[in-house]
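# Descriptive structure summary
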Amino acid sequence: MAAPTPIFGDLRGKVAVVTGGSKGIGAATARMLGENGARVAVVARGQEAIDASVAAVRDAGGEAIGSAPTARPARAWARSGSARRRSSGRSTC
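Reference entry: report on the structure contained in this document. Quick caveat: nothing in here was measured; it's all calculated off a predicted structure. (Residues numbered from 1 in each chain as written. Predicted model: local features only at pLDDT ≥ 70, side-chain atom pairs only at ≥ 80, totals over all residues. Heavy atoms only, no water.)

### Brief notes about the overall build of the protein chain
The helix and strand tally for the protein chain stands at 3 helices and 3 strands. In the protein chain, the succession of α and β elements from N to C terminus is β-α-β-α-β-α. In the protein chain, buried positions account for 34% of the 93 residues. At a minimum sequence separation of 6, the contacts of the protein chain that also span at least 24 residues come to 54%. When the accessible area of the protein chain is evaluated, it comes to approximately 5,700 Å², of which 55% is carbon and sulfur surface. (Helix = DSSP H or I, 4+ residues; strand = E, 2+ residues; numbered from the N terminus. Buried < 20%, exposed > 50% of the residue type's maximum accessible area, 1.4 Å probe, protein only. Contact = heavy atoms within 4.5 Å. Areas by Shrake-Rupley, 256 points an atom, 1.4 Å probe, with all protein chains shown as cover.)

### What about the side chain of Asn 36?
Mapped onto the fold, Asn 36 is located in the loop between helix H1 (24-35) and strand E2 (39-43). Among the polar contacts listed, one links the side chain of Asn 36 to the backbone oxygen of Met 32, at a separation of 2.9 Å. (Polar contact = N/O pair within 3.5 Å; in protein donor to acceptor, adjacent residues only side chain to side chain.)

### Brief notes about the sheet that holds strand E1 (residues 15-19)
Hydrogen bonds between backbone groups are what pair the strands of a sheet, and the pairing can be parallel or antiparallel. Strands sit in the order E1-E2-E3 across an open sheet of 3 strands; the sheet is parallel. In this open sheet, the two strands that pair with only one neighbour each are E1 and strand E3 (63-67). Between one strand axis and the next, the sheet turns through 20° on average, direction left out of account. In terms of strand pairing, E1 meets E2 through 5 bridges, oriented parallel. Following the sheet pairing, Val 17 is matched in E2 by Ala 41. Strands E2 and E3 of the sheet are contacted by helix H2 (residues 47-59), whose axis makes an angle of about 175° with E3. (Pairing = 2+ DSSP bridges. Axes fitted to C-alpha atoms, helices over the stretch in contact; angles between N-to-C directions.)

### Concerning the pairing of E3
Consecutive residues of a regular strand have side chains that alternate between opposite faces of the sheet. The sheet contact formed by E2 and E3 spans 5 bridges and is parallel. Within the sheet, the bridge partner assigned to Val 40 lies in E3 and is Ala 64. In this fold, E2 hands off to H2, which returns the chain to E3; that crossover is right-handed. (Right-handed = clockwise from strand over helix to strand, strands pointing away.)

### Describing the packing of H1 against H2
In the contact formed by H1 and H2, the axes pass within 8 Å of each other and the chain directions differ by 30°. By the criterion of interaxial angle, the relationship of H1 to H2 is roughly parallel. In the crossing of H1 with H2, the sense of the turn from one axis to the other is right-handed. Residues Ala 27, Ala 30, Arg 31 and Gly 34 of H1 form the contact with H2, whose participating residues are Ser 53, Ala 56 and Val 57. Of the residues assigned to the contact of H1 with H2, the class counts are 4 nonpolar, 2 polar and 1 charged. (Parallel < 35°, antiparallel > 145°, perpendicular 65-115°, else oblique. Left-handed = near helix turned anticlockwise from the far one by under 90°. Nonpolar A, V, L, I, M, F, W, Y, C, P; charged D, E, K, R; others polar.)

Interpretation note: all reported values are geometric properties and have no functional meaning in isolation.
Take a look at the structure:
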């Protein structure tokens, strides 16, 4: 039996960036944030795992996007920030 998701009402409408959000604790954190109403940006290395994490957030009723950085971290971070702002707004948690 899965543990119940904690309820954090103050996350509704916030934007969260979860680095390493494609597996393990990061994926669980992304899902929990989404379940609690935060809009989630999953950033990790493997696009396939990112897509699975984003799908899990959406399946749980949350909003999510995902991005994998390229070999140029600064440019990738700027791109992921631009995509996140276009779809979700500024990070708020």
